[in-house]
Amino acid sequence: MALNLVMMGPPGAGKGTQAERFAREQGIPKISTGDILREAVTAGSEMGLAVKAKLERGELVSDELIIGIVQDRLSRPDARAGFVLDGFPRTVPQARALDQMLDGRGPLVVVEIQVPDEELVRRVRSRRVCVNCGTNASAFSGDPAQAERCRNCGGMLVPRSDDTEAVVRDRLTVYWRDTKPMVAYYHERPTYRVVNGAQSPELVREELVTAVASATERSPSELSAESGPRGAKG
Ligand code: AMP
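Quick caveat: nothing in here was measured; it's all calculated off a predicted structure.

Some thoughts on the packing of aromatic side chains
In the structure shown here, the tally under the stated rule is two aromatic pairs. Ring plane angle 75 degrees and centroid distance 5.0 Å describe the contact between Tyr-175 and Trp-176, whose orientation is recorded as edge-to-face. The buried category is assigned to Tyr-175, whose relative accessible area is 5%. Judged by its relative accessible area of 35%, Trp-176 is partly exposed. Plain terms: the ring middles of Tyr-185 and Tyr-186 are 5.2 Å apart, the flat faces sit at 75 degrees to each other, and that makes the pair edge-to-face. You can call Tyr-185 partly exposed: its relative accessible area is 24%.

See below:
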């Protein structure tokens with residue numbers, strides 16, 4: 001059965017880190033709309049130029065644009081066995097569009113990672129990403145603020161340009177305004193779960209595995225046993 005997972009949560013909740021690891025362990029792609037947009041900005045493509053200012057201000061890009069990007073990405077063969085979406089959907093219209101895209105592709109598991117705002121501001125200020133490959137330093141163990149080089153490619157680790165405190169506070173305001181209504185959209189579903197993100201990444205991961213297992217009516221050990229490239233197992 002395909003494993004379709006949406007990771008929801010405010011900026012700095014650890015979504016990216018958890019999504020990355022979970023997707024790797026399950027052999028399914030992690031699809032981060034923020035990464036796709038940042039890559040477009042770095043590449044200087046037409047789309048990148050169009051969204052650059054919004055990204056820098058921490059504002060959402062249009063539903064139409066982002067829905068098109070996700071539709072395109074989910075239609076690739078590697079997403080047939082499942083995916084982990086990080087940063088999408090962020091609005092109710094995006095959530096509705098996702099339901100339409102998934103018609104007949106198995107259930108959608110929605111996990112919300114909850115973390116108090118002040119903890120988020122503290123975390124985001126210390127976040128570092130690789131200049132070369134965009135890997136989040138905290139995707140690996142250890143304190144990201146202490147690391148100097150990317151463990152993936154050896155590139156320099158720098159703060160993300162949209163990680164200043166003012167921008168982070170704006171992004172939290174945007175999150176509560178636009179994204180919280182999505183919780184109302186999803187929370188009655190039997191496949192909706194909440195995970196406590198205010199604990200170590202290892203404990204968050206354990207809770208995440210338990211949550212996805214229960215939402216898909218598996219045991220955590222069954223889910224772990226299924227890990228590996230899903231495409232190969234059908
Ligand atoms: P993220 O890395 O998920 O925090 O996304 C970084 C930025 O990309 C956001 O602040 C938005 O400007 C934009 N973005 C990413 N995903 C979406 C989305 N689903 N809808 C609208 N804008 C998005």
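Re the packing of helix α2 (residues 33-43) against helix α4 (residues 63-74)
Here α2 crosses α4 at 100 degrees, and the two axes come no closer than 11 Å. Classified by the angle their axes make, α2 and α4 are roughly perpendicular. Contacts from Thr-33, Ile-36 and Leu-37 of α2 reach α4 at Leu-65, Ile-66, Ile-69 and Val-70. Residue composition of the contact of α2 with α4, by class: six nonpolar, one polar and no charged.

Here's the deal with the nonpolar core
Judged by nonpolar contacts, the single largest core of 28 residues is most densely connected at Leu-74, Leu-85, Phe-88, Leu-98, Met-101, Leu-108 and Tyr-186. Mapped onto this core, the elements with two or more residues apiece are β1 (3-8), α3 (46-57), α4, β3 (82-86), α5 (92-101), β4 (108-114) and α7 (165-186). Leave out the neighbours within four places in its chain, and Phe-88 touches Val-6, Thr-33, Ile-66, Ile-67, Val-70, Gln-94, Leu-98 and Met-101. Among the nonpolar cores identified, the runner-up in size contains 27 residues, and Val-109, Val-115, Val-124 and Ala-215 belong to it.

About the thresholds
Residues numbered from 1 in each chain as written. Predicted model: local features only at pLDDT ≥ 70, side-chain atom pairs only at ≥ 80, totals over all residues. Heavy atoms only, no water. Phe/Tyr/Trp six-rings, centres within 6.5 Å; stacked < 30°, edge-to-face > 60°. Buried < 20%, exposed > 50% of the residue type's maximum accessible area, 1.4 Å probe, protein only. Axes fitted to C-alpha atoms, helices over the stretch in contact; angles between N-to-C directions. Helix = DSSP H or I, 4+ residues; strand = E, 2+ residues; numbered from the N terminus. Parallel < 35°, antiparallel > 145°, perpendicular 65-115°, else oblique. Contact = heavy atoms within 4.5 Å. Nonpolar A, V, L, I, M, F, W, Y, C, P; charged D, E, K, R; others polar. Core = buried A, V, L, I, M, F, W, Y, C linked by side-chain atoms within 4.5 Å.

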